[in-house]
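# Analysis of the macromolecular model
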Amino acid sequence: MLTLEVEKEYYQALLDRKAEYEGVFFAGVKTTGVFCRPTCPARKPKFENCEFFETAEQALLASFRPCRRCRPLSHPDHVSEVVRTLVDAVEKEPEKRWKDEDLQAFSIDPSTARRQFKKRFGMTFVEYSRARRMGMAFKQIRSGHSVIDTQITTGYESSSGFRDAFSNIMGAPPGLQEECNVLKASWIDTKLGPMVAVADDQALYLLEFVQRRGLEREIELLRQKTKSAIIPGSTKILHSIEKELTDYFEGSLTAFKTPIHMLGSPFQQQVWNALREIPAGVTRSYAEVAASLEKPSAYRAVASANGANQLAIIIPCHRVINSNGELGGYGGGLPRKRWMIQHERKIRLITEN
Ligand SMILES: [Zn+2]
């Protein structure tokens, strides 16, 4: 059962149509019998008529049916004229890095586009096009096909926008670069939404929520630092982390054993190792982590190293909160941070008793 406090927070997120709560909860409406995504464009019910669920399955099991407007079980497709025009434009050139200035070509006012996209998708047009661009690359990761296979099956020429799009995001496919390393990327569906994992045969380099702010940049840095191409695929490391994540979300694992490779400055590595010392079910403040490194004045640097972590959950940056007890920041979104802290507290209570 969710606490009243959490329900009130979810209700506020429902009123505000907050996209970062997508996948964190679904809202059942007792008066109509439907359940919705947090970003549903429909008129919002009263608090007392809502029932909150952490999964769509729970909502279905409680006999709510999916809303026809926000389609909580699929991707939404009812859109306004402005949104439709721009969505179509993005579909024609999904690899393009769209900017607000591009709207002039369609005689669309940027603030109108912003408002309507926010309303429809909970994000701006630029954020939407970025998500689509990422989505294209991630689709290949999810399906695990080789880049070449995908080009053939989707009918793209080898010099097409598709290859460019994929290369922009994931690095040039092998064959185009001489002597480049290859990292494999896989898609992992979790209770808190999809994650992307990148590894070679020895270690895991990156594990992030797909919706994480700045993920695209993070992937770019990873392939620059490792001089690698990143292609969809699988390795024993990726199998291992997928299994461990399943166990983590089921509550039967808190200490990850999959080998990791931490790419960072010596100070960042120090901070990340300190984070790995924080037991599951426990939180520390940025100042406490700084003190444990005998650098008590460096708490801001600690916070920034914390934010630069590329191995979500495994390096538990979510266990670091503000000194006053507030959650602080989290690239993957605060609802996920809170969920993991609570999840780990529950596991700790169970294993202690
Ligand atoms: Zn709805």
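Everything that follows concerns the structure shown earlier in this document.
In short, a report on the structure.

Parameters at a glance
Residues numbered from 1 in each chain as written. Predicted model: local features only at pLDDT ≥ 70, side-chain atom pairs only at ≥ 80, totals over all residues. Heavy atoms only, no water. Salt bridge = Lys/Arg side-chain N within 4 Å of Asp/Glu carboxyl O. Helix = DSSP H or I, 4+ residues; strand = E, 2+ residues; numbered from the N terminus. Buried < 20%, exposed > 50% of the residue type's maximum accessible area, 1.4 Å probe, protein only. Donors = N, O, S within 2.8 Å, 3.2 Å for Na, K, Ca; no water. Tetrahedral: all angles 85-135°; square planar, octahedral: opposite > 155°, others 65-115°. Axes fitted to C-alpha atoms, helices over the stretch in contact; angles between N-to-C directions. Parallel < 35°, antiparallel > 145°, perpendicular 65-115°, else oblique. Contact = heavy atoms within 4.5 Å. Nonpolar A, V, L, I, M, F, W, Y, C, P; charged D, E, K, R; others polar. Expected span 1.5 Å × (residues − 1). Pairing = 2+ DSSP bridges.

A separate point is the pattern of salt bridges. One side chain can pair with another of opposite charge once the charged atoms of both are near each other. Going through the model one piece at a time under the given rule, you end up with four salt bridges. Of the charged contacts, one joins Glu22 and Arg37 as a salt bridge, the two residues approaching to 3.5 Å between their closest N and O atoms. Residue Glu22 is located in the loop between helix H1 (4-16) and strand S1 (26-29), and its partner Arg37 is located in the loop between strand S2 (34-36) and strand S3 (50-53); the two are separated by 15 residues in the primary sequence. Accessibility assignment for this pair places Glu22 and Arg37 in one class, buried. When the shortest N-O distance is used, the salt bridge between Lys243 and Asp247 registers 2.8 Å. Of this pair, Lys243 and Asp247 both sit in helix H9 (residues 236-250), separated by four residues, roughly a single helical turn. Overall, the relative accessible area of 16% leaves Asp247 in the buried class.

The protein atoms that coordinate the zinc ion are Cys36 (SG), Cys40 (SG), Cys67 (SG) and Cys70 (SG), at distances of 2.2 to 2.4 Å. Because the angles between the four donor atoms bound to the zinc ion fall within 104 to 122°, the donor set is best described as tetrahedral.

Here helix H10 (residues 266-276) crosses helix H12 (residues 299-307) at 80°, and the two axes come no closer than 9 Å. Classified by the interaxial angle, the pair formed by H10 and H12 is roughly perpendicular. Along the contact surface, H10 presents Phe267, Gln268, Val271, Trp272 and Leu275, while H12 presents Ala301, Val302, Ala305 and Asn306. Partitioned by chemical class, the residues of the contact of H10 with H12 number seven nonpolar, two polar and no charged.

This brings us to helix H13 (residues 334-352). Compared with an ideal rise of 1.5 Å per residue, which puts 19 residues at 27 Å, H13 spans 27 Å between its outermost C-alpha atoms and is within 8% of the ideal. Pro335, Arg336, Lys337, Trp339, Met340, Ile341, His343, Glu344 and Ile347 are the residues of H13 that are buried. Tucked into the core, H13 has its buried residues touching strand S7 (204-209), H9, helix H11 (286-292) and strand S10 (320-321).

Let us look at the sheet that holds S1. The four strands are arranged S3-S1-S2-S4 in an open sheet whose pairing can be described as mixed. Taken across any chain shown, the strands that pair with only one partner, and hence form the sheet edges, are S3 and strand S4 (65-66). Relative to S2, S1 is paired through three bridges, and the arrangement is antiparallel. Paired with Gly28 across the strands is Phe35, a residue of S2.

All right, on to the sheet that holds strand S8 (residues 228-232) then. Spatial ordering of the open sheet is given by S7-S6-S5-S8, a layout of four strands whose pairing is mixed. The sheet is open, and its two borders are formed by S7 and S8, each paired with just one other strand. Pairs of neighbouring strands in the sheet enclose a mean axial angle of 25°, with direction left out of account. In terms of strand pairing, strand S5 (residues 181-190) meets strand S6 (residues 193-199) through seven bridges, oriented antiparallel. Residue pairing in the sheet places Trp187 in a bridge with Val196 of S6. Helix-sheet contacts for helix H8 (residues 215-226) involve S5, S6, S7 and S8, and the interaxial angle to S7 is about 175°. Relative to the sheet, H9 contacts S5, S6 and S7, its axis offset from that of S5 by approximately 20°.

By themselves, these observations are geometric and do not establish any function.
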